[in-house]
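Structural description and commentary
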Amino acid sequence: MTRVRMQIRCHGATLLAAKQVADAVRGALDGFAGTMGDVTVQSCLRADESDDDEPDVEAYSVRADYMIVFDEA
């Protein structure tokens with residue numbers, strides 16, 4: 001079994017748009033167990049999440065960390 005921490009950044013023109021993308025990612029990944037391609041995922045859980053803004057380029061993002069446990073082939 002292998003355990004990794006993966007960080008996903010969701011971007012949007014507004015903070016609300018970035019949060020909507022992060023919500024969709026959370027819905028797909030948080031609590032997931034099953035097969036992804038040829039990898040068997042035992043568990044995928046959100047570990048942390050925070051909002052970021054980049055005022056110089058008028059962009060927003062939400063950073064989410066997920067802990068993923070899977071069987072290595």
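Report follows, based on the coordinates. (Residues numbered from 1 in each chain as written. Predicted model: local features only at pLDDT ≥ 70, side-chain atom pairs only at ≥ 80, totals over all residues. Heavy atoms only, no water.)

Digging into helix H1 (residues 15-29)
In a regular helix each residue adds 1.5 Å, so 15 residues correspond to 21 Å; H1 covers 21 Å between its end C-alpha atoms and thus fits that length. Of the positions making up H1, those classed as buried are Ala18, Ala22 and Leu29. The buried residues of H1 occupy one face: seen down the axis, they fall within an arc of 35°. Opposite the buried face of H1, at more than 90 degrees from it, the exposed residues are Leu16, Ala24, Gly27 and Ala28. Along its buried surface, H1 packs onto strand S1 (2-12), strand S2 (32-36), strand S3 (39-54) and strand S4 (59-71). Where H1 terminates, the next one or two residues include glycine 31, which has phi positive at roughly 90°. (Helix = DSSP H or I, 4+ residues; strand = E, 2+ residues; numbered from the N terminus. Expected span 1.5 Å × (residues − 1). Buried < 20%, exposed > 50% of the residue type's maximum accessible area, 1.4 Å probe, protein only. Arc of directions from axis to C-beta. Contact = heavy atoms within 4.5 Å.)

Quick word on the environment of glutamate 54
With respect to the element layout, glutamate 54 can be found in strand S3. Apart from residues lying up to four places away in sequence, glutamate 54 is in contact with His11, Ala59 and Ser61.

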